[in-house]
Structure formats: C-alpha cells, structure tokens
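Remarks on the overall topology
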Amino acid sequence: MAEACADEYIIGENETGGIIENTSILGDEVPDSSEQRRKYFSKLENLQKYYFETEHLYTFEFYSNFFSPTKHRIELAPLFSFDLIPYFNGIP
C-alpha cells in the first residue's frame, strides 16, 4: 500500500493549477508535456509503436466538466447538450 502512495504515482493538480500526470509507462522518448505528446502521437509512425494490452487496467481522467461519460453527452448548459454516441463508431 505504501508503494501506491509514492510521489511518482501522484496525479492531479499542482499548486498553480497545472495538471500532474505520470506518463512513465510510455517511455523516455514520449514528451511529458500534453501539447508535445499530442504532436508526437499525431505522427503515424509514433502512434503505431503503442497498443492497449487487455491484461492491464487503464484509467482516464477528464479535466472538463462538459463531458458526461455516463450519459455519453457534451453538456454545455442546462438547456444545451448533445449526444456523442453517433461519433463513437458503434462503441459502446
């Protein structure tokens, strides 16, 4: 249990409001910055190096209050929201 509390596993928000992420599983060649990481993975040759393994448990955090994962909707205001299911290509 103590290992799960080690600093390298802490994610969330730092004192200035920046997001803290642990991306070490991606390796040293993948940038830490989300902007640089997006650019890195926009290249097909970089993207093809990675895949999901079924024996791992993956978790995702949404840093936006607009997306409702339980409803599969974008909710911008109480009177305006739209369904994302048509964009999921039949999944879920």
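It should be noted that the structure appears before, not after, this text.
Note that the structure is predicted; figures quoted are calculated from it, not measured. (Residues numbered from 1 in each chain as written. Predicted model: local features only at pLDDT ≥ 70, side-chain atom pairs only at ≥ 80, totals over all residues. Heavy atoms only, no water.)

A short note on the pattern of salt bridges
Quick note on the threshold: Here a salt bridge means any side-chain nitrogen of Lys or Arg lying within 4 Å of a carboxyl oxygen belonging to Asp or Glu. Helix and strand definitions here come from DSSP, where helices need a minimum of 4 consecutive H or I residues and strands a minimum of 2 consecutive E residues; each element is numbered from the N-terminal end. For the exposure calls, accessible area comes from a 1.4 Å probe over protein chains only, and a residue counts as buried if that area is under 20% of its type's maximum, exposed if over 50%, partly exposed in between.
Evaluated as defined, the whole model comprises two salt bridges. Put simply, E29 and K49 hold a salt bridge, and the shortest N to O gap is 2.7 Å. Of the two residues, E29 sits in the loop between β2 (19-20) and α1 (34-41) while K49 sits in the loop between α2 (44-47) and β3 (67-68), which places them 20 residues apart along the sequence. Classification of E29 by relative accessible area gives partly exposed; the value is 48%. Judged by relative accessible area, K49 falls into the partly exposed class, the value being 43%. Among the salt bridges present, the one from E75 reaches K71, with a minimum N-O distance of 3.4 Å. When its relative accessible area of 27% is taken as the criterion, E75 is described as partly exposed.

A look at a nonpolar patch on the surface
To be explicit about the condition: Nonpolar side chains (Val, Leu, Ile, Met, Phe, Trp, Tyr) are joined into patches within 5 Å and like charges within 9 Å, using only residues with over 30% relative accessible area and no salt bridge. Shrake-Rupley sampling with a 1.4 Å probe provides the accessible areas, and residues are treated as covered by the protein chains on show and by no other component.
On the surface, F66, L76, F80, F82 and Y87 cluster together into a nonpolar patch covering about 540 Å² of accessible area. Within the secondary structure layout, F82 lies in strand β5 (residues 80-83).

A word on the pairing of strand β4 (residues 73-77)
The following threshold applies: Paired strands, as defined in this entry, are two strands with at least two bridges between them according to DSSP.
Two elements, β3 and β4, share two bridges in a ladder whose sense is antiparallel. Paired with F67 across the strands is I74, a residue of β4.

Here we look at the packing of aromatic side chains
Where we set the bar: Under the pairing criterion, centres of Phe, Tyr and Trp rings, with the six-membered ring standing for Trp, must be within 6.5 Å; the plane angle then separates stacked pairs below 30 degrees from edge-to-face pairs above 60, leaving the rest tilted.
Within the structure shown, the criterion is met by three aromatic pairs. Considering the side-chain rings of F41 and Y50, the 5.3 Å spacing of their centres and the 80° angle between planes classify their relative orientation as edge-to-face. Here F41 falls in the partly exposed class, since its relative accessible area comes to 21%. Classification of Y50 by relative accessible area gives partly exposed; the value is 28%.

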